[in-house]
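These are the residues of each chain, in order.
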Amino acid sequence: MTVTTSASAAGLAEFIDASPSPFHVCATVAAELDGAGYTRLSETEAWAGAAAGRHYVVRGGSIIAWNAESSSDASRFRIVGGHTDSPNLRVKQHPDRSSAGLATVALEPYGGAWLNSWLDRDLGLSGRLAYDDAGTVAFKLVRINEPILRVPQLAIHLSEDRKGVTLNPQRHVDAIRGVGDADPLLDYVADHVGINPTAVLGWELMTHDVAPSQIIGAAGDLLSAPRLDNQGTCYAGLRALLDAEPSGAVTMLALFDHEEVGSGSERGASSDFLVTVCERILAATGGNRDDFLRTMAASICVSGDMAHATHPNYSDRHEPSHHIAVNGGPVLKVNQNLRYASDAIGEAEFALACRDAEVPLQRYIHRADLPCGSTIGPLTATRTGLLTVDVGAPQLAMHSARELMGTDDVPMYSAALAAFLRR
Ligand code: CO
């Protein structure tokens, strides 16, 4: 196996630790793009130069970047898609509470957070604050990477049968902030980012485990980290975009917020973000509507999201003869009921990319009697009409506050995505 890639498990760990929220994923990706000669465009301005060169655009917690060597590349797009958000516990609008002599913060789950995994962890806070900047709305990113919050588990002696506690998302996930009274949480956050607390007008704030990502295992062949779903793809896709030499196509990375809650927002995968960016690139070449539609028909999107590696303690939960090995290579995801968008042509395109990258390909289907998750793939396919194939890298403990994957899968996944982009 000869994998030529700039991606590594250590690189992914660094990426994740810098990116506790979707807004930070965009900032981390943007900083890497800036360093690689990409320029940021604004959706409110004309895109005269968008037809050639390297550019990106940010819409809230979503980002799209593309590389067109020349304006003649714009006859087809090769796109890697993914999502920037991960399940977590988020701050309510009136968060300050007090109970049993403790100052608490009212939290609620975002997406399919596996609630038990959020207990007994030292939690920081991140997201963004919108504030009044002399009459106009401005915002600041917030990243408090200190252990300011904790949701303690109930003592086993206080449980009814010592067998386990059922967690209610309303009553059991508020976090302790300290003993006695505390200043309002929003004042504390505003102070942290240097804004007058009275200027704060809105916020999207969420918690994260502050323990750094770590390479673990006796042989150092595993990566323990939060948010592998789906920053594993954000990172692998970014490295792939930067590594892939385009060959007659516009190579593109499209990362969307809000996948974990259904993708229905101005910046989610069901929005017009991807399709308008593609249309505006075409328009910048002087192309007309017909040129745009012909280009979309010639284009392809790989929807990257993490895949379920076979769990050693629950191997019966996996479809027989479709077991997915950790460090076994990228995963092609197929679902007859279109929870994944893959079809035979898309499958073949990704299989060829893995062959080009000289990495093994694993094929996944979900057990027919268990509910299958989904991805941005079916949604972007519906919105754009793009041929789409769903793929991922193997991981365990999906949607836990702390997930696990193989270190070798990081470069193999990124190399396959790079090979896909350059085909
Ligand atoms: Co996901």
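Residues numbered from 1 in each chain as written. Predicted model: local features only at pLDDT ≥ 70, side-chain atom pairs only at ≥ 80, totals over all residues. Heavy atoms only, no water.

Draft legend 1. Molecular detail of the overall build of the protein. Along the protein, the regular secondary structure elements total nine helices and 20 strands. Here the C-alpha radius of gyration of the protein, 22 Å, is about what a compact globule of 423 residues would show, namely 22 Å. Along the first, second and third principal axes, the C-alpha atoms of the protein reach 65 × 60 × 35 Å. Counting across all 423 residues of the protein, residues that qualify as buried make up 52%. For the protein, contacts bridging at least 24 residues in sequence account for 77% of all contacts bridging at least 6. A total accessible area of about 17,700 Å² is found for the protein, and carbon and sulfur atoms account for 50% of it. (Helix = DSSP H or I, 4+ residues; strand = E, 2+ residues; numbered from the N terminus. Rg over C-alpha atoms; globule rule 2.2 N^0.38 Å. Buried < 20%, exposed > 50% of the residue type's maximum accessible area, 1.4 Å probe, protein only. Contact = heavy atoms within 4.5 Å. Areas by Shrake-Rupley, 256 points an atom, 1.4 Å probe, with all protein chains shown as cover.)

Draft legend 2. How the structure looks around the packing of aromatic side chains. Taken as a whole and assessed by the stated rule, the structure comprises two aromatic pairs. Geometrically, the ring pair formed by Phe15 and Tyr235 is edge-to-face, given 5.8 Å between the ring centres and 65° between the ring planes. In this pair, Phe15 is assigned in helix H1 (residues 9–17) and Tyr235 in helix H4 (residues 228–243), connecting sequence segments 220 residues apart. Grouping residues by exposure puts Phe15 and Tyr235 together as buried. (Phe/Tyr/Trp six-rings, centres within 6.5 Å; stacked < 30°, edge-to-face > 60°.)

Draft legend 3. Spatial organisation of the domain arrangement of the protein. Along its sequence, the protein is carved into domain 1 (9–86 + 226–422) and domain 2 (88–209). Of the roughly 1,600 Å² buried between domain 1 and domain 2 on both sides combined, carbon and sulfur atoms contribute 57%. When the buried area of domain 1 at its contact with domain 2 is split by residue, Pro20, Phe23 and Ala401 rank highest and sum to 32% of it. In this assembly, domain 1 and domain 2 are joined by two salt bridges. One salt bridge connects Arg267 with Glu204, and the closest N-O pair in it is separated by 3.0 Å. (Domains from an automatic or database assignment. Buried area = accessible area lost by both parts, 1.4 Å probe. Salt bridge = Lys/Arg side-chain N within 4 Å of Asp/Glu carboxyl O.)

Draft legend 4. Representation of the sheet that holds strand S18 (residues 387–392) within the structure. Taken in spatial order, the nine strands line up as S1-S2-S3-S13-S4-S14-S18-S16-S17 in an open sheet, and their pairing is mixed. Strands with a single pairing partner mark the edges of an open sheet, and in this sheet they are strand S1 (39–40) and strand S17 (362–364). Summarising the sheet, strand S2 (residues 53–59) and strand S3 (residues 62–68) pair through seven bridges and their orientation is antiparallel. Residue Arg54 lies in a different strand from S3, and its bridge partner there is Asn67. Across the sheet, H4 is in contact with S3, strand S4 (77–83), strand S13 (250–256) and strand S14 (300–304); its angle to S4 comes to roughly 155°. With respect to the sheet, helix H7 (residues 344–357) is in contact with S4, S14, strand S16 (331–333), S17 and S18, its orientation differing from that of S18 by roughly 55°. (Pairing = 2+ DSSP bridges. Axes fitted to C-alpha atoms, helices over the stretch in contact; angles between N-to-C directions.)

Draft legend 5. Seen up close, unusual backbone geometry. Cis geometry marks the peptide bond from Asp229 to Asn230, where omega comes out at 15°. Phi at Ala100 is positive, roughly 55°, even though this residue is not glycine. With respect to the element layout, Ala100 can be found in the loop between strand S5 (88–99) and strand S6 (102–110). Positive phi, close to 60°, is recorded for Arg227, a residue that is not glycine. The topology assignment puts Arg227 in the loop between strand S12 (222–225) and H4.

Draft legend 6. Summary view of the side chain of Glu347. Within the fold, Glu347 resides in helix H7. Note on Glu347: relative accessible area 17%, which makes it buried. In this structure the side chain of Glu347 is engaged in a polar contact, spanning 3.4 Å, whose partner is the side chain of Arg363. In contact with Glu347, other than residues within four places in its own chain, are Leu332, Val334, Ser342, Arg363 and Val389. (Polar contact = N/O pair within 3.5 Å; in protein donor to acceptor, adjacent residues only side chain to side chain.)

Draft legend 7. The coordination of the cobalt ion, seen in detail. Bound to the cobalt ion are the protein donor atoms His83 (NE2), Asp229 (OD), Asp305 (OD) and Asp305 (OD), situated 2.0 to 2.6 Å from the metal. Every donor counted, the four donor atoms about the cobalt ion form angles of 52 to 137° at the centre, which fits irregular coordination. Written as a sequence motif, the donor residues of the cobalt ion are H-x145-D-x75-D. On the criterion of sequence distance, the pair formed by Asp229 in helix H4 and Asp305 in the loop between S14 and strand S15 (307–308) is long-range, its members being 76 residues apart. The pair formed by Asp229 and Asp305 is uniform in burial state, with each residue classed as buried. (Donors = N, O, S within 2.8 Å, 3.2 Å for Na, K, Ca; no water. Tetrahedral: all angles 85-135°; square planar, octahedral: opposite > 155°, others 65-115°.)

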